[in-house]
Number of protein chains: 2
Amino acid sequence: MPLICINDFQSVSAEGKRQWQQQETGSMIIRSLTEEECVAVLDRNRLGRLACARDGEPYLATIHYVHAQGSLYAFSLPGRKIDFMRANPRVSMLIEEKDEKGWRSVVVNGRFEELPNEIGHKKQREQAWQLLSQHENWWLPGGLKPVLPVTTKQPHLFFRIAVEEMSGRLADREAE
Amino acid sequence: MPLICINDFQSVSAEGKRQWQQQETGSMIIRSLTEEECVAVLDRNRLGRLACARDGEPYLATIHYVHAQGSLYAFSLPGRKIDFMRANPRVSMLIEEKDEKGWRSVVVNGRFEELPNEIGHKKQREQAWQLLSQHENWWLPGGLKPVLPVTTKQPHLFFRIAVEEMSGRLADREAE
């Protein structure tokens, strides 16, 4: 018998869960991730999807980030997502990973904070830049290859998403 | 000399574009997709990210869809994203694809429409279900493996995102 463990799915209603339990689910194990496991997913990955909203209009984009000290750090050119987040700092991030066994996904709800160069974020900025620069084409979702090294003249904004809430789930093939 | 063609990037400001043109971009060609190319991306893919928002709170989720007749058709369990879209039908979808040469991404802005089983969407529903069912584990982002065949008793809601606006871009390695 496969072990089936479901709890706290964001998108599954009580009725959905009841129905799940009545049916054949094959050999997948699905469960929520612990906070520690969520953090590990954030740490291992650099690519995420960011959703923001202004005046009822949602917007989403793929961004690269670095997770450190309870925040996701990222760079972006000025543009639509920055305009949206300045108007409404509430954002949601989705980070997913998949391997031969199955997948994990983490949803982060958090708050946008711009980190201007002038007020002492130089070290964080350089660390984040250095980590992100190791990924070929990490700049692509932003649409512009950045000039290296980072200077105050280049147009990328530096910001972080302060993590306020986090949840995740995992679907793994059952161990034989 | 690499061909560089940039226009109409959603997230690149005029200043960003100007700076782009001043710098070395290596061997990537970046340009906007035509409407025809955007449609081809929607047709080829089944996986997308959906963003919605309620009372200033954004939410995003991975969903599977089928593109037909100017809409993206999908199933979902009742839950948070359905609640959000019922409250505010404006949504944004991001569809991305990547191959050895580079990637393409399309952003769709559209409107959520629920398609209850009772009012004559049976054929669309069955077609969409059949197309989506060919993908192993397509139900995973929804968190619940559906019962086949589709019956009015099973809890999945059927809906579509009517495409209102669409834009896309491509980054390809330059042909040698």
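Residues numbered from 1 in each chain as written. Chains lettered and ligands numbered in written order. Predicted model: local features only at pLDDT ≥ 70, side-chain atom pairs only at ≥ 80, totals over all residues. Heavy atoms only, no water.

K.L.:
Looking at this structure, how should I read the confidence of the model for chain A?
P.N.:
Low-pLDDT portions of the prediction should not be read for the details of their coordinates. Residues and elements named next belong to chain A. Across chain A, the average pLDDT comes to 76, with 69% of residues at or above 70. Mean pLDDT across the elements of chain A ranges from a minimum in helix H1 (residues 14-22), with 46, to a maximum in strand E2 (residues 47-54), with 96. Throughout residues 142-152 the model reports pLDDT below 50, and contacts reaching past four residues in sequence, or to other chains, amount to 33 contacts. Model confidence for the complex: the whole-complex pTM is 0.76, and ipTM, which rates the interface, is 0.74. (pLDDT = per-residue confidence, 0-100. Helix = DSSP H or I, 4+ residues; strand = E, 2+ residues; numbered from the N terminus. Contact = heavy atoms within 4.5 Å.)

K.L.:
For this particular structure, what's the right way to read the pairing of strand E5 (residues 71-76) of chain A?
P.N.:
Residues in a regular strand point their side chains to alternate faces of the sheet. Residue and element names in this part refer to chain A. Of all six residues in E5, six are buried; the element is thus mostly enclosed. Covered by surrounding structure in E5 are Ser71, Tyr73 and Phe75 together with Leu72, Ala74 and Ser76, the residues of both alternating faces. Sheet topology note: the strand E4 (residues 66-68)/E5 ladder contains three bridges and is antiparallel. Residue pairing across strands places histidine 67 opposite leucine 72, the latter belonging to E5. (Buried < 20%, exposed > 50% of the residue type's maximum accessible area, 1.4 Å probe, protein only. Pairing = 2+ DSSP bridges.)

K.L.:
Sorry if this is basic, but what is going on with the packing of aromatic side chains here?
P.N.:
Think of a pair of aromatic rings as described by two things: how far the centres are apart, and how the planes are tilted against each other in angle. Residue and element names in this part refer to chain A. The tally for this structure, following the rule as stated, stands at eight aromatic pairs over all chains. Measuring from ring centre to ring centre gives 5.7 Å for tyrosine 59 and phenylalanine 84, while their planes differ by 50°; the resulting arrangement is tilted. Taken together, the residues span a long stretch of sequence, with tyrosine 59 in strand E3 (residues 57-64) and phenylalanine 84 in helix H3 (residues 80-87) at a distance of 25 residues. Grouping residues by exposure puts tyrosine 59 and phenylalanine 84 together as buried. A centroid spacing of 5.4 Å and a plane angle of 50° characterise the contact between phenylalanine 112 and phenylalanine 159, whose relative ring orientation is tilted. (Phe/Tyr/Trp six-rings, centres within 6.5 Å; stacked < 30°, edge-to-face > 60°.)

K.L.:
What exactly am I supposed to notice about helix H4 (residues 122-133) of chain B here?
P.N.:
Along an α-helix, a turn takes 3.6 residues, which lines up residues three or four apart on a common side. Residues and elements named next belong to chain B. Across its 12 residues, H4 extends 16 Å between first and last C-alpha, which sits within 8% of the 16 Å expected from 1.5 Å per residue. Those residues of H4 that sit buried are Arg125, Ala128, Trp129 and Leu132. For H4, the angular spread of buried residues about the axis comes to 100°, placing them on one side. (Expected span 1.5 Å × (residues − 1). Arc of directions from axis to C-beta.)

K.L.:
So what exactly am I meant to see when it comes to the pattern of salt bridges here?
P.N.:
A side chain of one charge can pair with a side chain of the opposite charge when the charged atoms of the two come close. All names here are of chain A. On inspection of all chains with the given rule, the structure shows 20 salt bridges over all chains. Measuring nitrogen to oxygen at the nearest pair gives 2.7 Å for the salt bridge that ties arginine 44 to glutamate 97. Here glutamate 97 lies in strand E6 (residues 90-98) and arginine 44 lies in helix H2 (residues 35-44), a separation of 53 residues in the sequence. Owing to a relative accessible area of 13%, glutamate 97 belongs among the buried residues under this scheme. (Salt bridge = Lys/Arg side-chain N within 4 Å of Asp/Glu carboxyl O.)

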